[in-house]
Amino acid sequence: MEKISLRMFAFGIFICLAVWASAAQLLQIPVVPSPELVLIRLAQKFPDTIAVHAGYSLMRIMVGLFAAVVAGYPIGVLMGYFPRVNRLLAPILYLSYPIPKIALLPVVMLLFGVGETSKLLLVFLIIVFQIVVAVRDAVAAIPSETYFPLRVLGASFTQLVRHIILPASLPKFITAVRVAMATAISVLFFTETFGTQYGIGYYIMDAWLRVNYLDMYAGIVVLSMMGLLFFVLLDFAERRLCAWNRQ
């Protein structure tokens, strides 16, 4: 199974590079350099320059994701298990969830400045709502009779969470993180153009302003690889933690 997946990844990368090389050969303009030149530049700049920017971006995503899981998962469980909590928090969720989080960027930066806090907060806001909604719906969908055997044995709410709620909600939880991750990376790229000198977003925009297209595309390739890394890790976690859910 993993061998086929690796082949499919290789096939997808080959197709992307082939289309890119064809476009570069057809257009013959500096704005679309060949993938060979970009990969050579990436190899030259990655160890001492691009790796530092990628490290800052990865740190921001991981901290924002961790905070979103710590805050969002318990709220989702409480809303899904206790109808009163859901009735209390659902109006707040429905009013705030549809707001495009990028629209909050000016407000966040006015309140918290243009430093790390605003960047982490935006990543947190993008992911946390997805987690709350997905976990709440997963928990609410658990049939009530599923709890009966453990309740008869005197299980506490913590034990119900560990043995029933957590396994039942994991697939939707991981799916929610996977969906939110792409948006989080996109918004992080935008926020890294403000008030910082580190991050892949800053590196790409700085290369663009310097009309250095090889550096710009090298940064875009790294940003794509970061997204691929998160998706692969989430797929791996889903296979290991939700093996019972595979058909």
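Residues numbered from 1 in each chain as written. Predicted model: local features only at pLDDT ≥ 70, side-chain atom pairs only at ≥ 80, totals over all residues. Heavy atoms only, no water.

Looking at an unreviewed UniProt entry, the chain carries the name ABC transmembrane type-1 domain-containing protein, with the source organism given as Selenomonas noxia F0398. Under the Sequence similarities (unreviewed entry) heading, UniProt states for the chain: "Belongs to the binding-protein-dependent transport system permease family." (UniProt positions renumbered as here; feature names shortened; annotations may be inferred.)

A. Structural view of the overall build of the chain. In terms of helices and strands, the chain carries nine helices and zero strands. Overall, the C-alpha framework of the chain stretches about 70 × 50 × 30 Å when taken along its three principal axes. Accessible surface, the chain: about 14200 Å² in total, of which carbon and sulfur atoms supply 72%. Put simply, the chain has 18 plus and 11 minus side-chain charges, and the middle of one group is 9 Å from the middle of the other. (Helix = DSSP H or I, 4+ residues; strand = E, 2+ residues; numbered from the N terminus. Areas by Shrake-Rupley, 256 points an atom, 1.4 Å probe, with all protein chains shown as cover. Lys, Arg positive; Asp, Glu negative; His and termini not counted. Charge placed at Lys NZ, Arg CZ, Asp CG, Glu CD.)

B. Here's a closer look at the UniProt feature "transmembrane region" (unreviewed entry) in the chain. Residues annotated by UniProt as "transmembrane region" (unreviewed entry) correspond here to residues 61-82, 94-114, 120-142, 179-204 and 216-237. Across residues 120-142, helical content stands at 91% and strand content at 0%; the span's end C-alpha atoms are separated by 33 Å.

C. Molecular detail of the environment of Leu-150. With respect to the helices and strands, Leu-150 occurs in helix 6 (residues 148-152). Under the relative-accessibility criterion, Leu-150 is labelled partly exposed at 22%. Once the C-alpha coordinates of Leu-150 and Thr-49 are considered, the two residues, 101 residues apart in sequence, prove to be 55 Å apart. Aside from chain neighbours lying at most four places away, what touches Leu-150 is Ala-155, Gln-159, Leu-160, His-163 and Ile-164. (Buried < 20%, exposed > 50% of the residue type's maximum accessible area, 1.4 Å probe, protein only. Contact = heavy atoms within 4.5 Å.)

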